[in-house]
Amino acid sequence: MPFREVNAKMVEATVAPGQKMFSQRGAMLAYRGDVTFTPNTAGGQGGLMSMIGRRVAGEATPLMTVEGNGTVMFGHGGHHVQVIRLSGDTLYVEADRLLAFDGTLEQGTMFLGAQGGVMGMVRGQVSGQGLFTTTLKGHGAVAVMAHGGVIQLPITADRPVHVDPQAYVAHHGDVRNKLSTALGWRDMVGRGSGEAFQLELSGSGAVYVQASEEKL
């Protein structure tokens, strides 16, 4: 179910009989054909545990299940929209940046502390972003939102990438994340900008970075 980029802030998706997709509530701008939108309280393909993860991450609003036969245009809040296509790999994306994605993708959650240890937890507490990152795995497309545009930065074994946690949108590949700070514990309180924190991504893959630190 491919996405077609209408412009920098809108995408169009084709909905076919027997297929489904999921979108953020309020993301539908217009549609043509016989298309239905229903709240999905099971958390997409990830089931109950996925939904629990999204609830803990602060997402009280369920996803919408999109089905039928037609085309739908998606956008939200005038944010920039970036389409990411997966070919069997896993995409890690901030849950509140998801706009819409193929129903064929398997959805789950990853606790950032699993990769970043205690410092991964600090990211959620101080930078203002969630402790959980949504994972989408399989073959299909994902539309994500960002402020001011998105750039894709390659991550190679000999060149890790350091990202401001609030500018982070998503990443994929064989990548590990680690949050570090140049400040002491006393100095970190109340600071969430790049001056205090760096999210280090190492391995092989790519990271998507937005042009603004503004939180969605």
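Conventions used here
- Residues numbered from 1 in each chain as written.
- Predicted model: local features only at pLDDT ≥ 70, side-chain atom pairs only at ≥ 80, totals over all residues.
- Heavy atoms only, no water.
- Helix = DSSP H or I, 4+ residues; strand = E, 2+ residues; numbered from the N terminus.
- Buried < 20%, exposed > 50% of the residue type's maximum accessible area, 1.4 Å probe, protein only.
- Contact = heavy atoms within 4.5 Å.
- Areas by Shrake-Rupley, 256 points an atom, 1.4 Å probe, with all protein chains shown as cover.
- Phe/Tyr/Trp six-rings, centres within 6.5 Å; stacked < 30°, edge-to-face > 60°.
- Salt bridge = Lys/Arg side-chain N within 4 Å of Asp/Glu carboxyl O.
- pLDDT = per-residue confidence, 0-100.
- Pairing = 2+ DSSP bridges.

1. A word on the overall build of the chain
Piece 1. Within the chain, the secondary structure is distributed over three helices and 13 strands.
Piece 2. Each of the 216 residues in the chain was classed as buried or not, and the buried ones make up 50%.
Piece 3. A separation of at least 24 residues holds for 81% of the contacts in the chain among residues at least 6 apart in sequence.
Piece 4. A total accessible area of about 9900 Å² is found for the chain, and carbon and sulfur atoms account for 52% of it.

2. Considerations on the packing of aromatic side chains
The geometry of an aromatic ring pair is captured by two quantities: the separation of the ring centres and the angle between the planes.
Piece 1. Under the defined criterion, the tally for this structure stands at two aromatic pairs.
Piece 2. On the basis of an interplanar angle of 35° and a centroid distance of 5.6 Å, the ring pair of Phe 22 and Phe 101 is categorised as tilted. With a gap of 79 residues between them, Phe 22 in strand S3 (residues 20-23) and Phe 101 in strand S7 (residues 98-102) connect regions that are remote in the sequence. Per residue, the accessibility class of Phe 22 equals that of Phe 101, and both read buried.

3. Some points on the pattern of salt bridges
Piece 1. Summed over the entire model, instances satisfying the criterion amount to two salt bridges.
Piece 2. Residues joined in a network through salt bridges with shared partners are Arg 4, Glu 12 and Arg 32.

4. Comments concerning the confidence of the model for the chain
It should be kept in mind that the predicted coordinates are not to be read in detail where pLDDT is low.
Piece 1. Here the chain shows a mean pLDDT of 78. Residues at 70 or above account for 69%.
Piece 2. Segment residues 46-61: pLDDT under 50, and 28 contacts once partners within four positions in sequence are set aside and those in other chains are kept.
Piece 3. Of the regions scoring below 50 in pLDDT, residues 116-130 engages in 43 contacts with residues more than four places distant in sequence or in other chains.

5. Points about the environment of Thr 38
Piece 1. Relative to the helices and strands, Thr 38 is located in strand S4 (residues 28-40).
Piece 2. Each C-alpha atom, one on Thr 38 and one on Leu 63, is 8.5 Å from the other, the two residues being 25 residues apart in sequence.
Piece 3. Among residues more than four places away in sequence, those in contact with Thr 38 are Leu 63, Met 64 and Thr 65.

6. Let's talk about the environment of Asp 174
Piece 1. Structurally, Asp 174 can be placed in strand S12 (residues 168-181).
Piece 2. Relative accessible area serves as the criterion here: at 65%, Asp 174 is assigned to the exposed category.
Piece 3. Those residues in contact with Asp 174 that lie beyond four places of it in its chain are Ser 202, Gly 203 and Ser 204.

7. Focus on the pairing of S3
Piece 1. In this sheet, strand S5 (residues 63-74) lies alongside S3 in antiparallel orientation, the contact comprising four bridges. The residue bridging Ser 23 from the neighbouring strand is Met 64, located in S5.
Piece 2. Taken together, the three bridges between S3 and S7 define a ladder with antiparallel strand orientation. The partner of Met 21 across the bridge, within S7, is Asp 102.

8. Looking at the environment of Asp 89
Piece 1. On the secondary structure map, Asp 89 appears in strand S6 (residues 80-93).
Piece 2. Under the relative-accessibility criterion, Asp 89 is labelled partly exposed at 26%.
Piece 3. For the pair Asp 89 and Lys 137, spaced 48 residues apart in sequence, the C-alpha to C-alpha distance is 5.7 Å.
Piece 4. The contacts of Asp 89, once residues within four sequence positions are left out, are Leu 136, Lys 137, Gly 138 and His 172.

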